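# Notes for the structure review
Given next are the chains, with one letter for each unit.
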Amino acid sequence: MADQTYDYDVLVIGSGPGGYVAAIRAAQLGLKTACAESRETLGGTCLNVGCIPSKAMLHASELYEEAHEGALEKFGVKLSGAKLDLDQMLSEKEKAVGELTGGIEFLFKKNKVEWLKGHASFEDAHSVKIGKKTVTAKDVVIATGSSVTPLPGVEIDNDKHQIVDSTGALALPKVPKKMVVIGGGVIGLELGSVWRRLGAEVIVVEFLDQILPGMDGDVRREAAKLFKKQGFDIRTGTKVTSAKTLKAKVKLTVEPAKGGDEESIEADCVLVSIGRKPNTDGLGLDAIGLETNDRGQIEIDHEFRTKVDGVWAIGDVVPGLMLAHKAEDEGIAVSENIAGQTGIVNHDVIPSVVYTMPEIASVGLTTEEAKAKGHEVKAGKFPMMANSRAKTNRDTDGFVKVIADAETDRVLGVHIIASLAGTMIAQAAQAMEFGATSEDIAYTCHAHPTHSEAIKEAAMAVTGKPIHI
Ligand code: FAD
Ligand code: NAI
């Protein structure tokens, strides 16, 4: 039963994986709930222009590359004349997006979550203007997500398909001959992979000395080696200083990050993927006296409360990893806290996956982080080359690395490069959630033949006793 003083018990602003999950959970807990969304469809960045369309394009482009490059011939599958129908590929992606965003609409109806269409802005802590209407709620959850970080001097114009962000790169009407990706992070490598597989020459310009910041050092080195082998031209320690759009090309000026001679690169398309920033513009935070931190994020306590009573925040707009499943778990926890239960997210065990081929997945601390935190570290590494299933499938790139505390043997982190790393990491996350030691993983029976046996062997390698190397 709603508190009669307010229109709703809970108003969630934003319907991404954080917001829609929070709204559904709040409704499941008997709270009268509405969700404001300014986009035409529900599901936020993730379903509309993020996780889902990018995975659709990664899957389709992988099929194309396998069929087109004769990769299947060694398995006795002969194909000839495989052609790219990019319009069809894009429309199948849109179909998947439509089905999933429509699915959230269905779930809202099923759970009696009211969808309030329009941009939301605070008038006070319990009153929010959505479009022309003001509604009131006892508790308000900010789940407004994030958008692309702009690069000064490199103006994004997705409609022209020349200088694009991830949204533009998910809808290019033709395969660019040459594409420059600015930023060797997750988006750059995933979407760079899509267009490389479809025929583009891809140059990655990365400011730092290595790609994939935040990942374990061994993983970063191995990933760079594998991507170069695939044909990526990776230029680390390089910065873009300007971009000029010519008629059909973009002319980029780049120079060594630490200073040096300028060079120019001409490309048909430039993808700007240098990170994302929290969405708080036009949200009326001033009206409730809520300030953002120096990274533009809304600070929260461990229960997801902001400094303003009755106002909570989750997902990409708060500090932490910008990942859909992290936002979802926070969505469940915040609503449980609002309902008076105990909602908890263990932020030390959030897996992350880069959906390239091979996939790159990690959970917990990197070797560098573990040492910096004062742990004496034992690590076990097992190459996919020695895993029987990977050998059989001819997908032997990569390794599994298990990091444990030398004294207690407790697993501190697991890092995987393997074709199925994204699926394999789930068991590592669960083991860590249960406080496993490397010995626990090593003595857990793993089905044979599976890629996951490499996790068991890496855990055995922590104490120096793997069987197959
Ligand atoms: P969002 O999903 O950004 O949703 C916020 C919503 O709030 C938006 O729909 C926005 O329109 C709405 N909104 C904002 N302000 C207002 C307002 N004032 N009023 C009304 N509505 C408002 N993560 C993964 O875990 N796995 C992946 O594979 C993955 N792939 C990605 C690929 C790409 C290309 C991108 C860009 C991101 C990807 N991510 C991935 C990241 C993931 O999309 C985000 O971490 C996730 O969407 C964050 O969820 P959120 O609910 O915090 O915000
Ligand atoms: P990112 O933070 O992963 O990578 C950005 C890269 O750009 C970094 O390597 C950084 O050093 C580099 N960079 C920054 N400024 C630069 C400059 N001026 N010139 C050259 N390089 C520069 O950010 P990205 O790829 O934009 O992704 C944003 C977020 O979206 C990530 O935080 C990620 O969590 C999320 N995401 C997650 C995915 C997944 O889970 N599979 C897929 C795509 C995005």
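Source: prediction; values computed, not measured. (Residues numbered from 1 in each chain as written. Chains lettered and ligands numbered in written order. Predicted model: local features only at pLDDT ≥ 70, side-chain atom pairs only at ≥ 80, totals over all residues. Heavy atoms only, no water.)

Here T101 shows up in helix α4 (residues 86-111). On the accessibility criterion, T101 (6% relative accessible area) is buried. A C-alpha to C-alpha distance of 37 Å links T101 and A436, two positions 335 residues apart in sequence. (Helix = DSSP H or I, 4+ residues; strand = E, 2+ residues; numbered from the N terminus. Buried < 20%, exposed > 50% of the residue type's maximum accessible area, 1.4 Å probe, protein only.)

Moving on to the site of ligand 1. Taken together, the neighbourhood of ligand 1 is formed by 38 residues, with E37, T45, K55, A120 and A324 sitting nearest. Contacts to ligand 1 include M322, whose backbone N or O atom sits 3.2 Å from an oxygen atom. Backbone polar atom of A324 to an oxygen atom of ligand 1: 2.8 Å apart, as the coordinates give it. Isolated, ligand 1 exposes 990 Å² of accessible area, and the fraction of that covered by the protein chains is 93%. When residues of the shell around ligand 1 are traced back to their parent elements, those giving at least two are α1 (17-28), β2 (33-37), α2 (44-49), α3 (51-68) and α8 (324-338). With four residues, the single largest contributor to the shell around ligand 1 is α2. Classifying every residue of the shell around ligand 1 gives 15 nonpolar, 18 polar and five charged. (Near = heavy atom within 4 Å. Polar contact = N/O pair within 3.5 Å; in protein donor to acceptor, adjacent residues only side chain to side chain. Areas by Shrake-Rupley, 256 points an atom, 1.4 Å probe, with all protein chains shown as cover. Nonpolar A, V, L, I, M, F, W, Y, C, P; charged D, E, K, R; others polar.)

Glancing now at the packing of aromatic side chains. For any two aromatic rings, the description comes down to two numbers: the centre-to-centre distance and the angle of the planes. As enumerated under the stated definition, the model contains one aromatic pair in all. Pairing F227 with F232 gives two aromatic rings, centres 5.5 Å apart and planes at 75°, and the pair type is edge-to-face. Judged by its relative accessible area of 4%, F232 falls in the buried class. Its guanidinium or amino end placed over the ring of W115, K117 lies 4.3 Å from that ring's centre, counting from NZ or CZ. (Phe/Tyr/Trp six-rings, centres within 6.5 Å; stacked < 30°, edge-to-face > 60°. Lys NZ or Arg CZ within 6 Å of the ring centre and 35° of its normal.)

Near ligand 2 you find 22 residues, and of these I187, E190, E206, G275 and V353 are the closest. At 3.2 Å from a nitrogen atom of ligand 2 is found a main-chain nitrogen or oxygen belonging to F207. Burial of ligand 2 by the protein amounts to 79% of the accessible area it has alone, namely 850 Å². Each residue belonging to the shell around ligand 2 can be placed in one class, and the counts come to 13 nonpolar, five polar and four charged. Each of domain 1 (8-148 + 277-338) and domain 2 (158-274) gives at least three residues to the shell around ligand 2. (Domains from an automatic or database assignment.)

Right, let's talk about the domain arrangement of the protein for a bit. Taken domain by domain, the protein comprises domain 1 (8-148 + 277-338), domain 2 (158-274) and domain 3 (352-462). On a C-alpha basis, the centres of domain 2 and domain 3 stand 29 Å from each other. The partner domain 3 presents 20 residues to the 18 residues of domain 2 that form the contact. Buried area between domain 2 and domain 3, summed over both chains or domains, comes out near 1400 Å², and the portion from carbon and sulfur atoms is 62%. Here domain 2 is connected to domain 3 by four salt bridges. K381 is paired through a salt bridge with D218; the nearest N and O atoms lie 3.4 Å apart. Where domain 2 packs against domain 3, one counts eight residue pairs in polar contact (both at pLDDT 80 or more). Among the elements of the structure, α6 (186-197) and α7 (217-229) are those that each provide at least two residues to the side of domain 2 that touches domain 3. (Contact = heavy atoms within 4.5 Å. Buried area = accessible area lost by both parts, 1.4 Å probe. Salt bridge = Lys/Arg side-chain N within 4 Å of Asp/Glu carboxyl O.)

The terminal C-alpha atoms of α1, which comprises 12 residues, lie 16 Å apart, in line with the 16 Å expected from a rise of 1.5 Å per residue. By the criterion of burial, α1 is predominantly enclosed, with 10 of the 12 residues buried. Regarding α1, the residues found buried are P17, G18, G19, Y20, V21, A22, A23, I24, A26 and A27. In the core, the buried residues of α1 are packed alongside β1 (8-13), β2, α2, α4 and α8. One or two residues past the end of α1 sits G30, with phi positive at roughly 90°. (Expected span 1.5 Å × (residues − 1).)

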